[in-house]
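The primary structure of each chain is shown beneath.
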Amino acid sequence: MAGPVQSIERAAAILRLLASGPRRLGLGEVAASLALAKGTTHGILRTLQNIDFVEQDPATGKYQLGAALLHLGTSYLDVNELRSRSINWADALAARSGEAVRLGAPLEGKVLIVHHVFRPDDTLQTLDVGALLPLHASSLGKVLLAFGSVPLEPAVEAGLEAYTRHTLVDREHLTRALTEVRELGWAAEVQEMITGEAGIAAPVRGHGGLVVGAIGVSGTVERICDAKGVPQPALVTQVRHAARAISRDLGAARW
Amino acid sequence: MVKRYVMSIDQGTTSTRCILFDHQGRLVSVAQREHQQYFPRPGWVEHDAVEIWHTLERVVPQALSHADVSADEVAAVGIANQRETTVLWDPRTGTPLGRAIVWQDTRTAPLVEDLRSRPGDEFFLRRCCLPPSTYFSAPRIRWLFDHVEGLRQRAEDGEVLFGTMESWLIWNLTGGPSGGVHLTDVTNASRTMLMNISTLDWDEELLEFFGVPRPMLPEIRASAESYGAARAVIPGVPITAALGDQQAALFGQTCFAPGEAKCTYGTGSFLLLNTGTDLVRSRHGLLTTVAYKVDDQPAVYALEGPIAVTGALVQWFRDRLGLISTAPEIETLARTVENNGGCYIVPAFSGLYAPHWRSDARGVIVGLTSYITKGHLARAVLEATGWQTREVVDAMNADSSLALKVLKVDGGMTSDNLLMQFLADVLDVPVVRPMAVETVSLGAAYAAGLAAGYWPDLEVLRRNWHRAAQWLPDMAPERREAEYEDWKRAVERSLGWIASPRPP
């Protein structure tokens, strides 16, 4: 086994030092406190600054802990907490859209259904909570892939299974679709998992804008899409509205 | 102006919220604000009634402005309120005589013990269907008369008004000292221990027994009927409904037919079963209460099983033991194990409510072995809510000819899937969650809209109810029965821990 990486140990020492008091510290103070060369110290501070773990006061040039570090411990979101925080908005989305609503979070290369609200027509439906969906063939999964909640490579390497003739099984096609999802801010899936079924989903963001899940509606293609097979704009608006409302409640200020 | 919305005001134990609903019963706008809890002595819980009135004055305009709605677009307003909390005030000045005594307050415990031995439960059960308990209002009025000098005389001279929260708020909304109307509804009145449950009027014998002069009492009205127009905050808007919060939830869940039941899972939990226009006197430890009364139609009754500690056990697990950081994480922790490992928690923190009514019980954790992990404890925490519900349902099935076929649920704990599945498993009936979680507010809005003609009849309201989720029983009957036996043995071990009730 390789030995400890010295620069990481030093970076940790700098972070501990900055965390130890309320006062901002200058480059010289940091270097002197840890008995490091100024050049080495500056290199580490600059790297930490690049990843938002450290901030430099523009006026004095002194350093303090960065916002990203403060959110490090809180970016993990328990899926049951996610359901609890989403439940009112998911109900409202189902009531307004008239469609079934599902909330998904990443789990071991799949989408875990965390919450499910029945389509409000009182027909017999069963709870999907706990079920797993494929990432590349569901609107919830495409959102998670597009916004970096789950890495794309392992999904591609595991093989893009064809569920219908519309499933995106080609890496190029999938990559292009995900770029479009990022540009639009929402994802659709039209007969890609089950023939005759479609879905629309949008990202749910937590602290710092990190995508922690996806919420969407799903149902028969005739209900979700127009005659040309394009997702209904009104449904897209409702889904995005619900996703933004949950994100706001979760502390993603900008959305 | 087109009347597009109905407003509900839910004056709860910790906060007051105002919600606007549309024709489909969909939530349009919410505003909420907490008020302060006062704990002047152990066992005492008080609220400042003036603060609560000011809170209402703030949240109502907020709810309107959030949705850009003006008061003249509101067809009617209905009020749901924390029950049994007692306010006394001076009608000339509108000033409360001391703080409101909250339903959780146990200062009347010694008095209640006396009442249970003399004249005994039967005297009260015959008249108001409630056993003496610190829970209800009348012992508090008596306590105030015994402890505040000159109060009884002032009450007899008409210088003091009594009310639960809805009375206080309606009196203020309709003008306060200058012409405010002093009324209560049958559901709230049925929790005072002063109303005769058959005649639905104040009971002379009970008034005499508690020494409550009639002039201080509000007029008892239907839960849904026109009480008059507001003169403050929302001038001109008709006030057309008032219900106790749990009765409002029953109404919001559209449990209009005999045999329909709901349970609201919060800090405590409250299961109410509609028994129709028949008055069912419980012989198995439940309360008989009025469910609602619409205009001059006959009153509809309910059997109620209050459970003191359900969500509060999860809060205790979070805040006192620190084993989880948020309440929903209890499910994550519970799912780390397959079962409770033989461990049971009976959360009799301040005795047991329905169906046991044992103030001498205290909490126990039984079945501990070195095998038990925090995961097993988390399961036992959730299962305690399931088994306590089962005990209440068994009592209801024994009291009523209508066996429970399905349980409608609402409240914060319904987001816990493990608990909801466990409930279906131990009750052996489907558990369904409606699409509207805010059933208390919705119930008050429904009752108000019905009385104002915004909705034509109960059938229309029923059509607004939609199933959001359903959990079906999936547990082997042998396992259900064996674990229920274990639970009952655990409950036995919690009883009699307090040798005699301690003075507060």
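A brief report on the enclosed structure follows. Keep in mind the model is a prediction, meaning the values are calculated, not measured. (Residues numbered from 1 in each chain as written. Chains lettered and ligands numbered in written order. Predicted model: local features only at pLDDT ≥ 70, side-chain atom pairs only at ≥ 80, totals over all residues. Heavy atoms only, no water.)

Section: the packing of aromatic side chains
Residues and elements named next belong to chain B. Formally: Working definition: rings of Phe, Tyr and Trp (its six-membered ring) pair if their centres are within 6.5 Å, and the pair is stacked with planes under 30 degrees apart, edge-to-face with planes over 60 apart, and tilted otherwise. The helix count covers DSSP runs of H or I at least four residues long, the strand count covers runs of E at least two residues long, and both are numbered beginning at the N terminus. Exposed residues in this analysis have more than 50% of their type's maximum accessible area, buried residues have under 20%, and partly exposed residues fall in between, with area computed by a 1.4 Å probe over protein chains only. Whether a charge sits over a ring comes down to the Lys NZ or Arg CZ being within 6 Å of the ring centre and within 35 degrees of the ring normal.
Enumeration according to the criterion identifies 21 aromatic pairs over all chains in this entry. An angle of 90° between the planes, with centres 5.6 Å apart, marks the rings of tryptophan 387 and phenylalanine 422 as edge-to-face. Taken together, the positions of tryptophan 387 in helix α11 (residues 374-399) and phenylalanine 422 in helix α12 (residues 417-427) put the pair 35 residues apart, joining distant regions of the chain. One exposure class covers both tryptophan 387 and phenylalanine 422, and it is buried. Aromatic ring contacts, followed pair by pair, group Trp103, Tyr135, Phe136, Tyr353 and Trp357 into a single cluster. Note that arginine 107 overlies the ring of tryptophan 143, its terminal NZ or CZ placed 4.8 Å from the centroid.

Some remarks on the sheet that holds strand β19 (residues 407-410) of chain B
Residues and elements named next belong to chain B. Counted only if it meets this: For two strands to count as paired, DSSP must find a minimum of two bridges between them. Simply put, an axis is a line fit to the C-alpha atoms, just over the touching stretch for a helix, and the angle between two N-to-C directions goes from 0 to 180 degrees.
With mixed pairing, the 7 strands of this open sheet are ordered in space as β15-β16-β14-β13-β19-β20-β21. Strands with a single pairing partner mark the edges of an open sheet, and in this sheet they are β15 (287-292) and β21 (467-471). On average, adjacent strands in this sheet sit at an angle of 30° to one another, irrespective of strand direction. As paired elements, strand β14 (residues 269-276) and strand β16 (residues 300-307) share 7 bridges and run antiparallel to each other. Looking across to β16, one finds that asparagine 274 is bridged to alanine 302.

Some details on the interface of chain B and chain A
What counts, and what does not: Any two residues whose heavy atoms approach within 4.5 Å are treated as being in contact. Buried area adds together the accessible area that both of two parts lose upon being put together, with accessible area traced by a 1.4 Å probe. Whenever a carboxyl oxygen of Asp or Glu lies within 4 Å of a side-chain nitrogen of Lys or Arg, that contact is scored as a salt bridge. N or O atoms within 3.5 Å of each other form a polar contact, as long as, within protein, one can give a hydrogen and the other can take it, and as long as residues adjacent in sequence are counted only when both atoms are side-chain atoms. Just so you know the grouping, Ala, Val, Leu, Ile, Met, Phe, Trp, Tyr, Cys and Pro go in nonpolar, Asp, Glu, Lys and Arg go in charged, and all remaining residues, Gly too, go in polar.
Tallying the contact residues gives 23 residues for chain B and 21 residues for chain A. Carbon and sulfur atoms make up 48% of the surface buried where chain B meets chain A, a total of about 1900 Å² over both sides. Along the contact surface separating chain B from chain A lie 2 salt bridges. The closest approach of N and O atoms between Glu331(B) and Arg83(A), which form a salt bridge, is 3.1 Å. At the junction of chain B and chain A, the tally comes to 12 residue pairs in polar contact (both at pLDDT 80 or more). Put simply, the parts of the chain that give the side of chain B that touches chain A at least two residues each are α10 (329-334), β20 (431-434) and β21 of chain B. In terms of residue count, the dominant contributor to the side of chain B that touches chain A is β21(B) (5 residues). In terms of residue class, the side of chain B that touches chain A is made up of 10 nonpolar, 6 polar and 7 charged.

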